[in-house]
Amino acid sequence: MAETMQFDLVSPERRLASLEAKAVRIPGAEGDMTAMPDHAPTITTLRPGILTVETASGSEEYLVTGGFAEIGAEGTTVLAEAAMPKAEVTQDYLNDLVARAREAQANAKPEMTDASAKLVADMLAAGSQMGITVN
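Quick caveat, the model's predicted, so the values are computed rather than measured. Here, residues in each chain are numbered from 1, in the same order as that chain's written sequence. Side-chain atom pairs in this predicted model are given and counted only at pLDDT of 80 or more, local residue features only at pLDDT of at least 70, and totals for whole chains, interfaces and linings cover all residues. Remark: hydrogens and water are excluded; side-chain values derive from all non-hydrogen atoms of the structure.

### Section: the overall build of the protein
Definition in use: Put simply, DSSP H or I for four residues or longer makes a helix, DSSP E for two residues or longer makes a strand, and each gets a number counted from the N terminus. When we talk radius of gyration, it's over C-alpha atoms, and the globule rule is simply 2.2 Å times the number of residues to the 0.38. Only the protein chains shown count as cover for residues, and all accessible areas are computed by the Shrake-Rupley method using a 1.4 Å probe. Residues counted as positive are Lys and Arg, residues counted as negative are Asp and Glu, and His and the chain ends are not counted. Every charge is mapped to an atom, namely NZ of Lys, CZ of Arg, CG of Asp or CD of Glu.
Assigned secondary structure in the protein consists of two helices and ten strands. Each helix and strand of the protein, placed in order from N terminus to C terminus, yields the pattern β-β-β-β-β-β-β-β-β-β-α-α. For 135 residues, the compact-globule formula gives about 14 Å, and the C-alpha radius of gyration of the protein, at 15 Å, lands near that figure. Its C-alpha atoms give the protein principal-axis dimensions of about 50 × 30 × 25 Å. As presented, the protein carries roughly 7400 Å² of accessible surface, and 52% of it is formed by carbon and sulfur atoms. Separation between the mean location of the 10 positive side-chain charges and that of the 20 negative ones in the protein comes to 5 Å.

Here's what the structure looks like:
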């Protein structure tokens, strides 16, 4: 079994990471999961949360707001709707994300009420994980 795998994190604005990883903890829409070298091929959607990449030199964390992860034996690629290194996330940035999620919830069609409420809850939980309280 390989000890590392290729990991790539891409958002529409930029490539945030391309490195050798030991494991990647992914905030999946159906629950958190960890991708490791030689993982069975899987594609999953993401929920807002913290994505953690473990490397030989430590770990790196990123806030992702949604998207997809493609996991395979050779590596893991995350295509995020929006992503930012956790260290760069500010109170204002998170407040803006939550405000947009709340606006989407307020304008949601009845059949989307549960999904939009979950989006707001996931954004608030991500902020809590980072120690940021959203107004």
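### Here we look at the side chain of Thr44
To keep it simple, the criterion reads: We call two residues in contact whenever any of their non-hydrogen atoms come within 4.5 Å of each other.
Tracing the chain through its elements places Thr44 in strand 5 (residues 42–46). Thr44 has contacts with Gly28, Ala29, Met33, Gly67, Phe68 and Ala69, leaving out every residue within four places of it along the chain.

### Details of the environment of Ser116
One can find Ser116 in helix 2 (residues 113–129). Filtering out sequence-adjacent residues up to four positions away, Ser116 remains in contact with Ala104, Gln105 and Ala108.

### Let's talk about the nonpolar core
Using the following cut-off: The criterion is simple. A nonpolar core is a set of buried Ala, Val, Leu, Ile, Met, Phe, Trp, Tyr and Cys residues joined through side-chain atoms within 4.5 Å. Type-normalised accessible area, obtained with a 1.4 Å probe on protein chains alone, sets the label of each residue: buried when under 20%, exposed when over 50%, and partly exposed for intermediate values.
Counting residues in each nonpolar core, the largest one holds 20 residues, and the members touching the most others are Phe7, Leu9, Val24, Ile26, Leu51, Val53 and Val78. Among the secondary structure elements, those contributing two or more residues to this core are strand 1 (5–10), strand 2 (15–21), strand 3 (23–28), strand 6 (49–55), strand 7 (58–64), strand 8 (67–71) and strand 9 (75–80). Apart from residues lying up to four places away in sequence, Phe7 is in contact with Ala17, Ser18, Leu19, Ala21, Val24, Leu51, Val53, Thr76 and Val78. Formed by 14 residues, the second largest nonpolar core is a distinct cluster that contains Val89, Ala101, Val120 and Ile132.

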